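Analysis of the macromolecular model
Here is what each chain is made of, one letter per residue.
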Amino acid sequence: MDAAVTVTDLVVHRGRRRVLHGLSATLPRGQVTGLLGPSGSGKTTLMRALVGVQVVRSGSVSVLGETAGSPGLRARVGYVTQAPSVYADLTVRENARYFAALYGVGAAAADAALADVGLTDAAGQLVTDLSGGQQGRVSLACALVGVPELLVLDEPTVGLDPVLRVELWARFHALAAAGTTLIVSSHVMDEAGRCDRLLLIREGRLLSDSTPQELRARTGTEDLEAAFLTLVRTAEETAA
Amino acid sequence: MTAATLPRRTAPAAPHPPGGLRLTAATAARVLRQLRHDHRTVAMMLVLPSALLGLLYLLWADLPTVPGQPSTFDRVGLTMLGIFPFVVMFLVTSIAMLRERASGTLERLLTTPLSRPALLLGYGLAFGLAAAAQAVVTVSVATIGYDLDVAGPVYLVVLIAVVDAVLGVALGLLASAFARSEFQAVQFMPVIVLPQFFLCGLLVPREQMAGWLQAVSDVLPLTYAVEALQEVGASAGASGTMWVDVAVVAGAALLALGAAAATLRRRTS
Ligand SMILES: Nc1ncnc2c1ncn2[C@@H]1O[C@H](COP(=O)(O)OP(=O)(O)OP(=O)(O)O)[C@@H](O)[C@H]1O
Ligand SMILES: [Mg+2]
């Protein structure tokens with residue numbers, strides 16, 4: 001099976017700085033790939049390149065067999081930005097229905113997406129009156145509504161309680177089992193263990209691309225947080 | 001929520017890919033819903049132009065008029081019916097678009113099947129409809145309450161006001177591309193509006209302007225909107241000049257929308 005996403009020698013500048021330095025990676029279809037790395041390492045930048053809203057200097061990004069951002073992809077790729085990006089002055093339901101209309105699916109799909117993120121009871125409330133975690137879930141629902149083939153989720157579980165987080169991860173795995181490809185960035189190491197694959201990036205370079213088991217074996221520790229720190233420190237020592 | 005046990009929805013995302021028109025309509029409906037939740041803005045949109053027009057009416061109410069000529073209020077008040085919607089919709093649109101940018105929803109919309117022209121036309125349609133409601137209220141209050149004399153049919157005044165509002169929307173969308181903050185966006189208003197207002201022929205008749213000012217005035221769309229209103233004010237039927245003027249304003253609006261679509265970048269750094 002070919003890869004859902006192939007990134008080749010991607011170079012991205014933001015402002016005057018080079019943020020991604022010739023990054024190459026692939027995402028297997030139908031799996032949950034975790035994207036981990038320190039703050040400012042380029043996770044969001046890479047995701048923006050995947051959905052085609054980032055100006056890239058050189059290199060290529062191929063998504064589901066097409067160039068990232070091409071018109072044919074826009075109904076097939078869902079993107080959840082790091083900060084909730086929904087209309088605060090609309091109700092939860094109005095937001096979901098608008099995005100449903102954009103993806104060409106009906107109001108029933110909007111209601112189903114709200115049920116998926118546990119917001120059925122809040123459907124009539126204005127987004128501005130919700131908690132931060134609830135707003136994040138509205139944002140997530142607006143991407144789930146189109147039933148995309150690739151879901152790009154930038155820290156979707158920030159601010160969620162453990163129960164909801166576990167449920168959402170179950171949802172992600174159910175989507176992957178049905179063939180959806182997911183890439184999820186996170187700072188929470190306990191979530192890293194739930195991914196099928198892990199991409200670790202640091203300062204715009206790929207540090208490691210492996211399964212959680214391989215990462216544990218390679219660093220000789222059971223704890224992914226410790227494994228991650230070991231990798232980052234080794235990289236810093238070789239750089240020094 | 002029972003995430004794992006929910007029946008899977010694996011239907012293809014878009015059995016019938018949504019057409020541009022449907023997406024424009026959906027976007028216009030969304031913008032109007034946002035407006036509807038903001039009661040105070042709606043109230044101000046509907047009432048403010050009438051109130052300001054009332055002030056002008058009182059200002060000139062007791063002044064003598066020259067026989068055989070339209071009173072000052074008839075001339076200025078009628079022109080104002082075209083200027084209010086232009087100014088209001090310019091401001092509202094540029095702020096709305098800036099908010100869309102700042103909240104991240106614009107970046108998100110650009111990853112969906114919604115095309116940039118469909119997005120901008122959605123804004124034009126939504127605020128055009130809002131302007132129609134505003135124009136109906138203002139024109140009714142002006143003609144019934146303030147005895148504004150219009151020789152031609154009143155619905156033409158409403159039509160010109162709406163086309164003017166769409167021009168304001170289009171220029172607002174274009175200006176918002178060059179504004180980094182709300183402070184900047186608000187200051188684009190005098191830059192775009194005041195020169196057009198000074199040169200439109202209301203303050204000084206266009207024939208009496210210096211030649212080069214008249215030439216500048218010739219290429220400013222508000223000039224044609226004001227001329228169209230004065231045509232309706234002066235003659236009983238719709239004159240050919242008026243239709244040409246309306247077409248010029250509509251063409252300028254389309255041009256500005258096209259420029260706004262061209263300056264709206266999908267990829268940013
Ligand atoms: N709009 C921007 N203009 C200029 N530089 C930017 C911009 N956004 C991000 N950067 C820079 O690009 C680099 C990578 O940022 P990015 O947002 O991709 O990091 P991240 O890994 O997502 O971080 P976090 O975990 O904090 O979200 C950072 O050094 C940041 O300073
Ligand atoms: Mg980020």
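As shown above, the structure is provided for reference.
Residues numbered from 1 in each chain as written. Chains lettered and ligands numbered in written order. Predicted model: local features only at pLDDT ≥ 70, side-chain atom pairs only at ≥ 80, totals over all residues. Heavy atoms only, no water.

**Brief notes about the interface of chain B and chain A**
Where we set the bar: Any pair of residues with heavy atoms lying within 4.5 Å of one another is described as a contacting pair. A simple way to read buried area is as the amount of 1.4 Å-probe accessible surface that goes missing from two parts once joined, with both sides added. Salt bridge, as used here: a side-chain nitrogen of Lys or Arg that lies within 4 Å of a carboxyl oxygen of Asp or Glu. A 3.5 Å cut-off defines polar contacts: any pair of N or O atoms within that distance qualifies, except that in protein one atom must be a possible hydrogen donor and the other a possible acceptor, and neighbouring residues in sequence count only when both atoms are side-chain atoms. Each helix is a run of DSSP H or I of at least 4 residues and each strand a run of E of at least 2, with the numbering of both proceeding from the N terminus. Under this grouping Gly is polar, as are all residues other than the nonpolar Ala, Val, Leu, Ile, Met, Phe, Trp, Tyr, Cys and Pro and the charged Asp, Glu, Lys and Arg.
The interface of chain B with chain A comprises 39 residues on the first partner and 54 residues on the second. Taken together, both faces of the contact between chain B and chain A bury some 4,000 Å²; the carbon and sulfur share is 53%. Here chain B and chain A share 3 salt bridges between them. Close ionic contact of R99(B) with D89(A) constitutes a salt bridge, the shortest N to O distance being 3.4 Å. Viewed at the interface, chain A and chain B are joined by 18 residue pairs in polar contact (both at pLDDT 80 or more). Elements that contribute at least two residues to the side of chain B that touches chain A include exactly α1 (20-37), α3 (72-102) and α4 (105-109) of chain B. Counting residues per element, the side of chain B that touches chain A draws most heavily on α1(B), at 9 residues. Taken together, the residues of the side of chain B that touches chain A sort by class into 15 nonpolar, 12 polar and 12 charged.

**Here's the deal with helix α9 (residues 221-234) of chain B**
Residue and element names in this part refer to chain B. Worth spelling out the cut-off: One less than the residue count of a helix, multiplied by 1.5 Å, gives the span that helix is expected to have. The buried label applies to any residue whose accessible area, calculated with a 1.4 Å probe on protein chains only, is under 20% of its type's maximum; exposed applies above 50%, and partly exposed to all values in between.
For α9, which comprises 14 residues, the first-to-last C-alpha distance of 20 Å matches the rise-based estimate of 20 Å (1.5 Å per residue) to within 8%. Taken together, the buried positions of α9 are P221, L222, T223, A225, V226, A228, L229 and V232. Among the structural elements, α3, α6 (154-176), α7 (182-199), α8 (211-218) and α10 (240-263) are those in contact with the buried residues of α9.

**With respect to the packing of aromatic side chains**
The condition is simple: Any two rings among Phe, Tyr and Trp, with Trp reduced to its six-membered ring, count as a pair given centres within 6.5 Å; such a pair is stacked if its planes are under 30 degrees apart, edge-to-face if over 60, and tilted if neither.
Throughout the structure, instances matching the rule amount to 8 aromatic pairs over all chains. A centroid spacing of 5.4 Å and a plane angle of 65° characterise the contact between Y57(B) and F73(B), whose relative ring orientation is edge-to-face. Taken together, the residues span a long stretch of sequence, with Y57(B) in helix α2 (residues 39-60) and F73(B) in helix α3 at a distance of 16 residues. Its relative accessible area of 27% is what places Y57(B) among the partly exposed residues. Among the aromatic side chains, those forming a connected cluster through ring pairs are Y87(A), Y98(A) and F99(A).

**Examining the pairing of strand β4 (residues 58-63) of chain A**
Residues and elements named next belong to chain A. Operational definition: When DSSP finds two or more bridges between two strands, those strands count as paired.
Alignment of strand β1 (residues 3-14) against β4, held across 5 bridges, turns out to be antiparallel. The residue of β4 that forms the bridge with V7 is V61. Two strands pair when backbone bridges link them, and β4 and strand β5 (residues 66-67) are joined in this way by 2 bridges, in the antiparallel orientation. The residue bridging S62 from the neighbouring strand is T67, located in β5. Connecting the antiparallel pair β4 and β5 is a turn made up of 2 residues, with L64 showing a positive phi of about 50°.

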